[in-house]
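Examining the three-dimensional arrangement
So you can see what is in the structure, the chains are spelled out below.
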Amino acid sequence: MFSLLILFGVLGGIGALLIVTLLRRGGGRADTVEGLLQEQEALRRARTDRVSFNSFAAHNSVPTASDTYVRRNGRP
């Protein structure tokens, strides 16, 4: 019985530590304009990569015909 109390105490302590850590982190968003622009660029790149690198796009086209190859090599 005593070992169960210790187990639950340790788990409760870890949970409390995690909650405190998450609350102290804050929003985590950028405050400057440059930071916001970097976040927007990263989101845009992630969105296009999710489309370009899905299973169908990766396995059913030649490598130089993908949208990513065209976009990242300067052509529209």
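Reading guide: rules and limits
Residues numbered from 1 in each chain as written. Predicted model: local features only at pLDDT ≥ 70, side-chain atom pairs only at ≥ 80, totals over all residues. Heavy atoms only, no water. Helix = DSSP H or I, 4+ residues; strand = E, 2+ residues; numbered from the N terminus. Buried < 20%, exposed > 50% of the residue type's maximum accessible area, 1.4 Å probe, protein only. Areas by Shrake-Rupley, 256 points an atom, 1.4 Å probe, with all protein chains shown as cover. Patch = residues over 30% accessible without salt bridge, like charges linked within 9 Å, V, L, I, M, F, W, Y side chains within 5 Å. Salt bridge = Lys/Arg side-chain N within 4 Å of Asp/Glu carboxyl O. pLDDT = per-residue confidence, 0-100.

This part is about the overall build of the protein. Along the backbone of the protein there are 4 helices and 0 strands. Along the protein, helices (α) and strands (β) appear in the sequence α-α-α-α when read from the amino end. For the protein, with 76 residues in total, the buried portion stands at 5%. Summed over its atoms, the accessible surface of the protein is roughly 6900 Å², and 65% of this surface lies on carbon and sulfur atoms.

Glancing now at a nonpolar patch on the surface. A contiguous nonpolar surface patch, about 1200 Å² in accessible area, is contributed by Met1, Phe2, Leu4, Leu5, Ile6, Leu7, Phe8, Val10, Leu11, Ile14 and Leu18. Along the chain, Ile14 turns up in helix H1 (residues 2–25). On the basis of relative accessibility, which here comes to 46%, the residue Ile14 falls in the partly exposed class.

Chain-level statistics for the protein give a pLDDT mean of 77 and a share of 63% at 70 or above. No element of the protein has a lower mean pLDDT than helix H4 (residues 67–72), at 54, and none a higher one than H1, at 92.

With that settled, the discussion passes to the pattern of salt bridges. Evaluated as defined, the whole model comprises 2 salt bridges. In this structure, Glu41 engages Arg44 in a salt bridge whose closest nitrogen and oxygen atoms are separated by 2.7 Å. One end of the pair is Glu41 and the other is Arg44, both in helix H2 (residues 33–52) and 3 residues apart, which spans about a single turn. Glu41 gets classed as partly exposed once you look at its relative accessible area, which sits at 31%. Since its relative accessible area comes to 35%, Arg44 is described here as partly exposed. Close ionic contact of Glu41 with Arg45 constitutes a salt bridge, the shortest N to O distance being 3.4 Å.

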